[in-house]
Amino acid sequence: IVRSCSSLSPQIPFTVKMRTGVYADKSVAHELVPLVEEWGASAVTLHGRSREQRYTKSANWQYIEECAAKAQRMPIIGNGDILNFEDFNEKRKIAPHVSSIMIGRGALIKPWIFKEIKEQKPWNPTSAERFEILRTYVNYGLEHWGSDTKGVENTRRFLLEWQSFLYRYIPYELLAHPPQQINQRPQKFRGRDEMETLMSSPNSADWVRLSEMLLGPVPESFEFVPKHKANAY
Ligand SMILES: Cc1cc2nc3c(=O)[nH]c(=O)nc-3n(C[C@H](O)[C@H](O)[C@H](O)COP(=O)(O)O)c2cc1C
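Small disclaimer: the values here were computed from a predicted structure and weren't measured.

K.L.:
Looking at this structure, I do not really get the pattern of salt bridges. What am I missing?
P.N.:
A pair can form between side chains of opposite charge whenever their charged atoms are brought close. Tallied over the full model, the rule gives 10 salt bridges. Ionic pairing is found between Lys110 and Glu116, a salt bridge with its closest N-O pair at 2.9 Å. No difference in accessibility class separates Lys110 from Glu116, as the two residues are buried. One salt-bridge network, held together by shared partners, links Arg49, Asp81 and Arg105.

Printed below as a string of structure tokens:
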């Protein structure tokens, strides 16, 4: 697949995303990276866990470094468990051969994580500022999918999926032990205002309420079950 896709699109870089392997005790990425480079891939993103591990255990950044060191010129993008700028700095130190870092759940839980990394300090947005981020998203959604019933409900579905990540954010000033870690079960807390409390609710009926503030009431018999289970605890 890598050979044919890389030669099919010489102007468009073909990149590969992989895990350490299928099984936790049998990593194969260090053997695959040099082959994938030889077959013509432009870059590899490596998530430092096996398929078997799903989100349990921490990503193995020492192993990501070992794999990155096996590439000749092809960039290796490291991936796994970054939720704050301190994580980013620590992972860069462990894995100096990675060319850059990909952030998955961290970008969904804290969409401003890139600002924190750039400025090397935490940002502690108010609930009103966080609500404005949702409003911006909703405006993009309606622009993209249309503001008819179908567009509104599509925008709502994606907003609700996103809220299944967003609720896990704990405001910096309320953290018992900052910074927040991605693999820690979120501590229970009461927000500094009603909106902050609502935004931290793990109950999907509350996510629907939030969506109604931006998109109006849900249709009758509306049901929502989040798709992606990405907790490690
Ligand atoms: C909502 C969601 C969808 C994902 N979809 C894919 C996918 O289609 N293909 C894939 O290789 N990884 C997928 N992943 C895994 C991420 O790319 C990433 O490897 C993983 O979440 C670990 O990075 P993180 O700790 O920064 O989240 C998905 C993750 C999330 C949270």
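K.L.:
Looking at this model, I keep getting lost on the site of the ligand. Mind explaining?
P.N.:
In the region of the ligand, 14 residues are neighbours, and Tyr55, Asn79, Asp81, Gly104 and Arg105 sit closest. In the model, an oxygen atom of the ligand is placed 2.8 Å from a nitrogen or oxygen of the Lys17 side chain. Compared with its free state, where it exposes 610 Å², the ligand has 66% of that area covered by protein. Counting atoms within 2 Å of the grid points, the majority share of the ligand lands in the second largest pocket. Class assignment for the residues of the shell around the ligand results in five nonpolar, five polar and four charged.

The rules behind these values
Residues numbered from 1 in each chain as written. Predicted model: local features only at pLDDT ≥ 70, side-chain atom pairs only at ≥ 80, totals over all residues. Heavy atoms only, no water. Salt bridge = Lys/Arg side-chain N within 4 Å of Asp/Glu carboxyl O. Buried < 20%, exposed > 50% of the residue type's maximum accessible area, 1.4 Å probe, protein only. Near = heavy atom within 4 Å. Polar contact = N/O pair within 3.5 Å; in protein donor to acceptor, adjacent residues only side chain to side chain. Areas by Shrake-Rupley, 256 points an atom, 1.4 Å probe, with all protein chains shown as cover. 1 Å grid on protein atoms, 1.4 Å probe; cavity = no way out; pocket = protein on both sides within 12 Å on 5 of 7 lines; lining within 4 Å. Sits in = over half its atoms within 2 Å of the grid points. Nonpolar A, V, L, I, M, F, W, Y, C, P; charged D, E, K, R; others polar.

Note that all results are geometric; they support no functional claim without further evidence.
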